[in-house]
Amino acid sequence: MQHLHQLLEIKNSELAHLLRLSLYGLEATLNQARTEFPLDAGAKVCDDLLQELHSLLQPAPPQQNTGWEDAPDDLKLSRLREAFDSDLELSYYLGNSQLQSQTDSDLWNEIQRKLLRIPEDLAASWRQHTLDLAQEVGAIADNSNLFQLPFIRDEIIYPGLSGTIQTQGLSLSQQVLLNSQITQDNASDLPAGFLYLYMNFIEIDPDLHHALKSVFSFDLISLDSKPEQRNQYIDALSDRFQRTQKAEENAAPLSILRAWIDMDEAIHSLVFLPPAERYSWWGKLQHESRRILKKVTNQAINAGNEVRIRQLSGLYADICALSKDDLQLDCGGIPGEVLTCLRVYARINQEESPGRVIFRSSRK
């Protein structure tokens, strides 16, 4: 394991990135097999191996800031930090937490990731503003230096910088997804795309939380400060990915629908605090799962089943009879309204399954 650990620790390495993806794929496959064959002769050794993989895939602890380089007061992008932290419209969508980065490179990426959570028109305006302020200190947009995340399509999410500030941007890459073990022959596999995208995004964004009921039902949990919850969430997402694959292989419309409802819940249960706005980059990304869910719902209906699926939104008082075990926040959105629908309400052949939401407290 020593050389695996050494390779994983190398920054800006495509080989390290590919190794991490492969190990995540191995972990997901072994978890699924362990569930299917609980009495297998190799079960105990498999459990030990899974523990080693968990430890190996843990992100390295953050290094202490020595104060010798790029201290906050000496940041070239200090004007950008001040403007961002003091903007009231941004705080409406992002909450009141201040930017945490200690270097220009980290600050650029932290701000760009936060812009993915606000309405796209506002994000576009702010992204141009960030480029203007960066240019004032001698840095320019660079679309050639991008950290690639696996997904079902190619997309530049935001640019990096070159010049007086050198930092990577962020992109989606279909080829990186194809390089993973599980998806070698299917680059349009949306569940696999979300699985690998999420596993990688969790590593680079400390603001991410999960609200998946099967893992923890009482609160939103920070994945950065609770590594055991991060592992359990990824395991649950991997399990639902595997079940979706098996259901589609069996081609039974109701099995596919139920598997997709569970998969969609896991996808929408990766959230920020407060949750990303519906028409943000994040909101639109997650909505791709709902579009597939609508498609498989129609297939189940065409097969002769009576199906009603509802995404819960609007006033919480109007939909609370259709939901269960909801989570309440005191920030974000409009008091008394649903902030995000974690699980859709479903009625399948007279059998009801409640939805689940995050809503804003009615207290102002």
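Some remarks on the overall build of the protein chain
Argument step 1. Along the backbone of the protein chain there are 13 helices and 14 strands.
Argument step 2. Scored against the burial criterion, the 364 residues of the protein chain give a buried share of 50%.
Argument step 3. Counted over contacts in the protein chain with a minimum sequence separation of 6, partners at least 24 positions apart contribute 64%.
Argument step 4. When the accessible surface of the protein chain is split by element, carbon and sulfur atoms take 49% of a total near 17,900 Å².

Looking at the side chain of T130
Argument step 1. Locating T130 in the fold gives a position in helix α7 (residues 120-136).
Argument step 2. A distance of 3.1 Å separates the side chain of T130 from the side chain of Q112, its partner in a polar contact.
Argument step 3. Excluding its chain neighbours within four sequence positions, the residues that come into contact with T130 are L80, W108, I111 and Q112.

With respect to the confidence of the model for the protein chain
As a general rule, the predicted coordinates of low-pLDDT regions are not to be interpreted in detail.
Argument step 1. For the protein chain, the mean per-residue pLDDT works out to 88, and 90% of the residues sit at or above 70.
Argument step 2. For the stretch residues 60-71, pLDDT sits under 50, and the model shows seven contacts to residues farther than four places along the chain or on other chains.

A word on the packing of aromatic side chains
Argument step 1. Per the stated rule, a full pass over the model turns up eleven aromatic pairs.
Argument step 2. Relative to Y93, the ring of Y92 has its centre 4.9 Å away and its plane inclined at 85°; by these criteria the two rings are edge-to-face.
Argument step 3. Exposure remark for Y92: the relative accessible area of 40% places this residue in the partly exposed category.
Argument step 4. For the pair F151 and F194, a centre-to-centre distance of 5.5 Å together with 80° between the ring planes defines the contact as edge-to-face.

Some remarks on the packing of helix α4 (residues 78-86) against α7
Argument step 1. As a packed pair, α4 and α7 sit with axes 9 Å apart at the nearest point and diverge in direction by 155°. One element, α4, and the other, α7, form an angle in the roughly antiparallel class. Residues R79, L80, A83 and F84 of α4 touch α7, and the partners they reach there are W126, T130, L133 and E136.
Argument step 2. A per-class count over the contact of α4 with α7 returns five nonpolar, one polar and two charged.

The rules behind these values
Residues numbered from 1 in each chain as written. Predicted model: local features only at pLDDT ≥ 70, side-chain atom pairs only at ≥ 80, totals over all residues. Heavy atoms only, no water. Helix = DSSP H or I, 4+ residues; strand = E, 2+ residues; numbered from the N terminus. Buried < 20%, exposed > 50% of the residue type's maximum accessible area, 1.4 Å probe, protein only. Contact = heavy atoms within 4.5 Å. Areas by Shrake-Rupley, 256 points an atom, 1.4 Å probe, with all protein chains shown as cover. Polar contact = N/O pair within 3.5 Å; in protein donor to acceptor, adjacent residues only side chain to side chain. pLDDT = per-residue confidence, 0-100. Phe/Tyr/Trp six-rings, centres within 6.5 Å; stacked < 30°, edge-to-face > 60°. Axes fitted to C-alpha atoms, helices over the stretch in contact; angles between N-to-C directions. Parallel < 35°, antiparallel > 145°, perpendicular 65-115°, else oblique. Nonpolar A, V, L, I, M, F, W, Y, C, P; charged D, E, K, R; others polar.

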